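Here's the letter readout for the chains.
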2 protein chains.
Amino acid sequence: MLTPQSEDFPRWYQDVLNKAELADNGPVRGTMVIRPYAYALWERMVDEVDGRIKAAGAENAYFPLFIPESYLQREAEHVEGFSPELAVVTVGGGRELEEPVVVRPTSETVIGEFMAKWVQSYRDLPLLLNQWANVVRWELRPRTFLRTSEFLWQEGHTAHATEDDARAYARRILAEVYRDFMVEVLAIPVITGVKIPQERFAGATNTLTCEAMMRDGKALQMGTSHELGQNFARAFQIDYLDETGTQQLCWTTSWGVSTRMMGGLIMAHGDDAGLRVPPRLAATQAVVLVVRDEDGAVTAAARGLVDRLVAAGVRARLDDRISTPFGRRATDWELKGVPVRIEVGPRDLAEGQVVVVRRDRPGKEPIPVERLAQEVPVLLSSIQQSLHDEALARRDDRTVDATTVEEAASAAADGFVRIPWAAVGDAGVERLAADAVTVRCLITADGDVPESVDDPDLVAVVARSY
Amino acid sequence: MLTPQSEDFPRWYQDVLNKAELADNGPVRGTMVIRPYAYALWERMVDEVDGRIKAAGAENAYFPLFIPESYLQREAEHVEGFSPELAVVTVGGGRELEEPVVVRPTSETVIGEFMAKWVQSYRDLPLLLNQWANVVRWELRPRTFLRTSEFLWQEGHTAHATEDDARAYARRILAEVYRDFMVEVLAIPVITGVKIPQERFAGATNTLTCEAMMRDGKALQMGTSHELGQNFARAFQIDYLDETGTQQLCWTTSWGVSTRMMGGLIMAHGDDAGLRVPPRLAATQAVVLVVRDEDGAVTAAARGLVDRLVAAGVRARLDDRISTPFGRRATDWELKGVPVRIEVGPRDLAEGQVVVVRRDRPGKEPIPVERLAQEVPVLLSSIQQSLHDEALARRDDRTVDATTVEEAASAAADGFVRIPWAAVGDAGVERLAADAVTVRCLITADGDVPESVDDPDLVAVVARSY
């Protein structure tokens with residue numbers, strides 16, 4: 001049904017998008033339609049990330065989609081980085097506009113303008129804002145969820161009194177919001193590190209990143225957190241009076257995760273039968289399928305089981321579409337990656353049991369009806385853990401150490417390569433690029449996020465990537 | 001501090017937006033920035049409306065911001081209605097686009113295109129979709145929250161096998177989602193009725209509406225639900241094979257509520273001291289204020305009270321900013337309309353009590369600390385009811401009956417006027433327009449939503465409006 005991953009991974013990805021009814025291409029090049037099943041997963045991602053952002057003290061707000069072209073030009077690197085990707089509105093209300101407006105590719109500039117207005121004194125700091133929004137970056141080589149002309153994301157923007165405070169906050173978001181969410185909910189182990197200068201966000205002094213390995217050995221950048229130094233504060237005059245009454249410039253940060261994580265979810269866990277959704281993320285954790293039913297008794301019993309599961313805290317739903325062949329429905333839930341399938345037929349029911357099938361690995365076992373509400377939550381925890389462990393083991397298997405750039409370039413054909421950053425340098429970065437290999441991030445020898453890119457003992461993680 | 005409502009209602013509205021830190025104007029004409037306190041209220045609206053939409057069986061999805069210009073042209077009335085308000089992107093990725101794309105003013109067209117793709121058989125119907133999104137309609141006379149060039153909303157789009165089913169669903173959304181939310185959560189009594197043909201959504205065969213009275217006697221359209229007949233189904237070929245294998249055209253609906261409801265909230269309940277937020281909506285239902293504190297004991301006690309209130313299901317928060325004068329903080333919470341203020345000072349605490357102040361009407365009473373967690377939820381219910389009852393009484397007071405159009409035109413200077421629709425007609429509509437009075441909706445003699453606009457006994461509710 002799906003192209004096997006080993007045969008053609010990109011085609012497998014496209015097949016999953018179609019067959020599991022996750023997304024369609026929009027009519028305008030590079031745009032996408034997120035279908036209900038995928039959107040419900042995105043809503044769960046939003047819930048989980050939003051809760052962590054609020055726990056980190058940031059408040060949600062909303063800033064306009066349209067930004068005057070002149071705003072972008074105030075930060076030189078920023079405009080240089082984003083100009084080639086802009087969508088520009090030149091006509092509004094039937095008239096040519098005097099100043100064209102750009103559709104936001106990101107909102108540092110417009111939010112900077114308002115931060116400058118709202119921040120007066122050290123008492124107003126830190127100012128911790130976040131918004132959930134759509135952004136537009138014109139894509140020449142779009143790929144659904146991974147690189148689309150329009151995508152959904154959250155973008156956090158903060159202003160701080162000191163560089164230390166800004167740095168600490170950017171790192172806190174990376175660890176407590178992004179990494180925690182990705183590891184604990186998405187069950188995707190991520191490497192957190194710092195980008196090399198060439199790979200920084202346009203206008204940042206430091207870009208921190210979460211990098212994950214997909215099942216084809218390639219890397220996906222899952223989220224980034226930027227230290228912006230005083231670049232935007234200077235461009236938009238975000239300043240404050242300190243405790244001594246002296247005017248000071250703020251230090252700002254910005255950070256975001258997007259619908260790109262949907263692509264990561266699919267490619268980190270999906271197998272030849274389709275998606276595999278980690279239970280903590282799943283909008284539907286368990287589906288109760290009526291195998292067949294002659295007099296409504298099986299459906300009634302199945303509905304009762306759903307109620308009991310819901311009461312036990314399981315996000316369960318009923319599939320009683322008995323006019324559709326059972327096999328087709330089972331395959332469909334498998335494709336959609338629902339963690340647990342509970343099959344209820346008249347024979348099993350007569351024996352007081354149901355058949356429980358886990359999605360993460362082969363496993364099908366009869367469970368007595370009266371133990372179901374106890375067993376399913378335990379099974380869900382086990383699936384969550386096993387998906388994570390499987391992804392981690394695969395990444396470790398496919399990560400090797402190298403000492404020379406040549407070695408790294410060749411080994412990166414199959415996965416991640418760790419190599420001393422001192423052995424790479426700018427020339428090495430260029431050499432790797434010839435094989436479409438990039439430095440995903442720099443980490444310390446202990447695998448931590450470095451304090452600075454100038455540490456001579458840093459390790460570069462290099463790979464091919466999406 | 002605020003301009004009194006009786007002196008200048010529009011200026012009072014603008015003052016509340018500024019002083020309560022609800023919204024700012026964006027840099028591009030007609031756009032707005034929704035600040036954190038207001039955005040938290042919007043998030044609560046989204047939660048409550050979204051839950052009701054899901055309970056009505058619709059699923060969320062996401063469709064692109066950009067729509068090819070040609071899509072809009074497929075439905076004649078639709079393009080005629082929206083053309084003057086469009087924002088058009090002509091440049092993307094540094095190049096002139098071959099076909100300009102419009103920024104969605106609403107999504108019937110692009111969603112219609114995908115409905116046509118997804119609906120094949122009667123088994124696929126009804127198809128019940130909803131999206132939360134931003135839309136753009138270029139505004140010549142913008143007013144924050146009420147009429148902005150960009151606004152946030154939900155737009156539901158459904159396809160049905162029969163006209164009856166489509167009509168019933170559009171009416172169900174109006175009653176079970178919109179009216180229920182507005183009355184029960186926003187505490188705003190709304191009149192539900194049907195729009196006259198001139199006031200229909202561009203492309204609809206029938207537009208149902210919720211109309212509320214603001215505190216200046218003017219009407220605000222709070223939400224609409226449209227029967228689209230087969231207009232969009234024909235334009236986008238949304239058809240299906242019925243049970244006999246015959247090709248049939250679908251019947252579609254669309255329905256939406258937006259950030260405009262924020263304006264309704266402010267103008268339906270706000271008074272000369274600021275906003276008054278109904279407790280069921282409030283993101284913060286009770287604020288516990290430390291009046292003053294010398295040794296940290298009052299703050300510790302106040303924090304304990306917040307915990308007890310939260311445990312009792314109250315959305316409570318602490319205000320321990322003792323370096324800011326107490327009076328200024330109290331005024332600020334009043335401005336922001338938090339339903340209950342709990343003042344904790346050392347003297348009261350020594351007596352084992354706190355001072356509880358309700359926001360809806362004068363009322364300040366000492367309550368023993370140990371009864372607080374019981375009393376506050378009761379008080380919140382009482383405030384919810386009293387805000388609703390006050391709004392309803394005001395509306396009833398300011399609604400009169402008229403028998404002639406002249407009478408209606410003059411009485412509408414002060415509120416709503418009910419007049420037999422038979423006494424108005426097209427000529428009457430024109431006459432009313434001369435006084436900036438419009439037919440808000442038609443209702444039955446019993447105040448219900450009419451089955452048809454052709455019923456000879458309908459009553460027109462006319463008013464000035466936002």
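Everything numeric in this text was worked out from a predicted model, so none of it was measured.

We now examine the overall build of chain A. On a plain count of helices and strands, chain A comes out with 14 helices and 23 strands. The C-alpha radius of gyration computed for chain A amounts to 25 Å, which stays within 12% of the reference 23 Å derived for 466 residues, consistent with globular compactness. By its C-alpha atoms, chain A is 80 × 55 × 45 Å across when sized along the principal axes. By the burial criterion, 51% of the 466 residues in chain A qualify as buried. Sequence-distant contacts, at least 24 apart, represent 65% of the contacts inside chain A between residues at least 6 apart.

This next bit is on the relation of the copies chain B and chain A. It takes a turn of 180 degrees to lay chain B on chain A, together with a shift of 0.0 Å along the axis; the resulting RMSD is 0.0 Å. Such a combination of turn and shift is consistent with a two-fold rotation axis. For chain B, the residue whose C-alpha comes nearest the rotation axis is Val89 of chain B, separated from it by 2.1 Å. The overlap is high: 100% of the interface residues of chain B also sit at the interface in chain A, so the same surface is used on both sides.

What follows covers the pairing of strand 11 (residues 219-227) of chain B. Residues and elements named next belong to chain B. Among the 9 residues of strand 11, 9 are classified as buried, and the element is accordingly described as predominantly covered. Relative to strand 11, strand 10 (residues 206-213) is paired through 8 bridges, and the arrangement is antiparallel. When the sheet's bridge partners are listed, Leu208 is paired in strand 11 with Ser225. In textbook terms, the turn of a hairpin is the stretch between consecutive antiparallel strands, and for strand 10 and strand 11 this stretch comprises 5 residues, one of which, Gly217, has a positive phi near 90 degrees.

Before going further, it helps to examine the sheet that holds strand 6 (residues 95-103) of chain A. Taken together, the 6 strands give an open sheet; going across it, the order is 4(A)-6(A)-5(A)-5(B)-6(B)-4(B), and neighbouring strands pair in antiparallel fashion. Sheet topology places strand 4 (66-68) of chain A together with strand 4 (66-68) of chain B at the edges, where each strand pairs with a single neighbour. On average, adjacent strands in this sheet sit at an angle of 45 degrees to one another, irrespective of strand direction.

As a further point, take helix 8 (residues 260-269) of chain B. Among the 10 residues that make up helix 8 of chain B, 10 are buried, leaving the element largely enclosed by the rest of the structure. Along helix 8 of chain B, the residues classified as buried are Arg260, Met261, Met262, Gly263, Gly264, Leu265, Ile266, Met267, Ala268 and His269 of chain B.

Turning our attention to the environment of Gln73 of chain B. In this structure, Gln73 of chain B sits in the loop between helix 3 (69-72) and helix 4 (76-82). It is 44 Å that separates the C-alpha atoms of Gln73 of chain B and Lys19 of chain B, two residues lying 54 residues apart in sequence.

So, on to the interface of chain B and chain A. Interface size, as often reported, equals the accessible area lost upon joining of the parts. Contacts between the two partners involve 42 residues from chain B, matched on the other side by 42 residues from chain A. Counting residues per element, the side of chain B that touches chain A draws most heavily on strand 5 (residues 87-92) of chain B, at 6 residues. Here strand 5 (residues 87-92) of chain A runs beside strand 5 of chain B; their pairing, made up of 5 bridges, is antiparallel. Bridging across to strand 5 of chain B, Ala87 of chain A finds its partner in Gly92 of chain B.

To continue, consider the packing of helix 9 (residues 297-311) of chain B against helix 12 (residues 372-397) of chain B. Residues and elements named next belong to chain B. Running from N to C, helix 9 and helix 12 cross one another at 55 degrees; their axes reach a closest spacing of 9 Å. When the axis of helix 9 is compared with that of helix 12, the two are oblique. Considering only the axes of helix 9 and helix 12, their crossing is right-handed. Each of Leu305, Arg308 and Leu309 in helix 9 lies in contact with helix 12, whose residues at this interface are Leu372, Ala373 and Val376.

Residues and elements named next belong to chain B. An order of 16-15-17-18-19 is seen for the 5 strands of this open sheet, with the pairing classed as mixed. At either end of the open sheet lies a strand with only one pairing partner, and these are strand 16 (316-319) and strand 19 (364-368). Put simply, the sheet's adjacent strands are angled 25 degrees from each other on average, direction ignored. Inspection of the sheet shows strand 18 (residues 353-358) paired to strand 19 by 5 bridges, in the antiparallel sense. Across the sheet, the residue bridging to Val355 is Pro366, located in strand 19.

Looking now at the pairing of strand 22 (residues 438-443) of chain B. Residues and elements named next belong to chain B. In terms of burial, strand 22 is largely enclosed, as 6 of its 6 residues are buried. Two elements, strand 22 and strand 23 (residues 459-463), share 5 bridges in a ladder whose sense is antiparallel. By the bridge assignment, Cys441 is partnered in strand 23 with Val461.

Next up on the list: the environment of Gly229 of chain A. Tracing the sequence through the fold places Gly229 of chain A in the loop between strand 11 (219-227) and helix 7 (231-236). Apart from the residues within four sequence positions on either side, Gly229 of chain A is in contact with Thr205 and Trp251 of chain A.

Okay, the nonpolar core next. If you look at the biggest cluster of nonpolar residues, it comprises 304 residues, and the most contacted ones within it are Val462 of chain A together with Val462 of chain B. Excluding its chain neighbours within four sequence positions, the residues that come into contact with Val462 of chain A are Ala408, Ala412, Val417, Ile419, Leu432, Val437, Thr438, Val439 and Arg440 of chain A.

Attention now goes to the domain arrangement of chain A. Residue and element names in this part refer to chain A. Per the domain assignment, the segments of chain A are domain 1 (9-269), domain 2 (286-395) and domain 3 (401-463). For domain 1 and domain 2, the distance between their C-alpha centroids amounts to 38 Å. In this complex, domain 1 contributes 10 residues to the contact, which on the side of domain 2 involves 9 residues. Its residues placed into classes, the side of domain 1 that touches domain 2 shows 7 nonpolar, 1 polar and 2 charged.

With that settled, consider helix 1 (residues 9-19) of chain B. All names here are of chain B. Here helix 1 has its buried residues at Trp12, Tyr13, Val16 and Leu17. Relative to the axis of helix 1, the buried residues are bounded by an arc of 140 degrees and lie together on one face. Once helix 1 ends, the next one or two residues include Glu21, with phi positive near 55 degrees.

What counts and what doesn't
- Residues numbered from 1 in each chain as written.
- Chains lettered and ligands numbered in written order.
- Predicted model: local features only at pLDDT ≥ 70, side-chain atom pairs only at ≥ 80, totals over all residues.
- Helix = DSSP H or I, 4+ residues; strand = E, 2+ residues; numbered from the N terminus.
- Rg over C-alpha atoms; globule rule 2.2 N^0.38 Å.
- Buried ≥ 20, exposed ≤ 12 C-beta atoms within 10 Å, placed from the backbone.
- Contact = placed C-beta atoms within 7 Å.
- Least-squares fit on C-alpha atoms with pLDDT ≥ 70 in both.
- Pairing = 2+ DSSP bridges.
- Axes fitted to C-alpha atoms, helices over the stretch in contact; angles between N-to-C directions.
- Parallel < 35°, antiparallel > 145°, perpendicular 65-115°, else oblique.
- Left-handed = near helix turned anticlockwise from the far one by under 90°.
- Core = buried A, V, L, I, M, F, W, Y, C linked by C-beta atoms within 7 Å.
- Domains from an automatic or database assignment.
- Nonpolar A, V, L, I, M, F, W, Y, C, P; charged D, E, K, R; others polar.
- Arc of directions from axis to C-beta.

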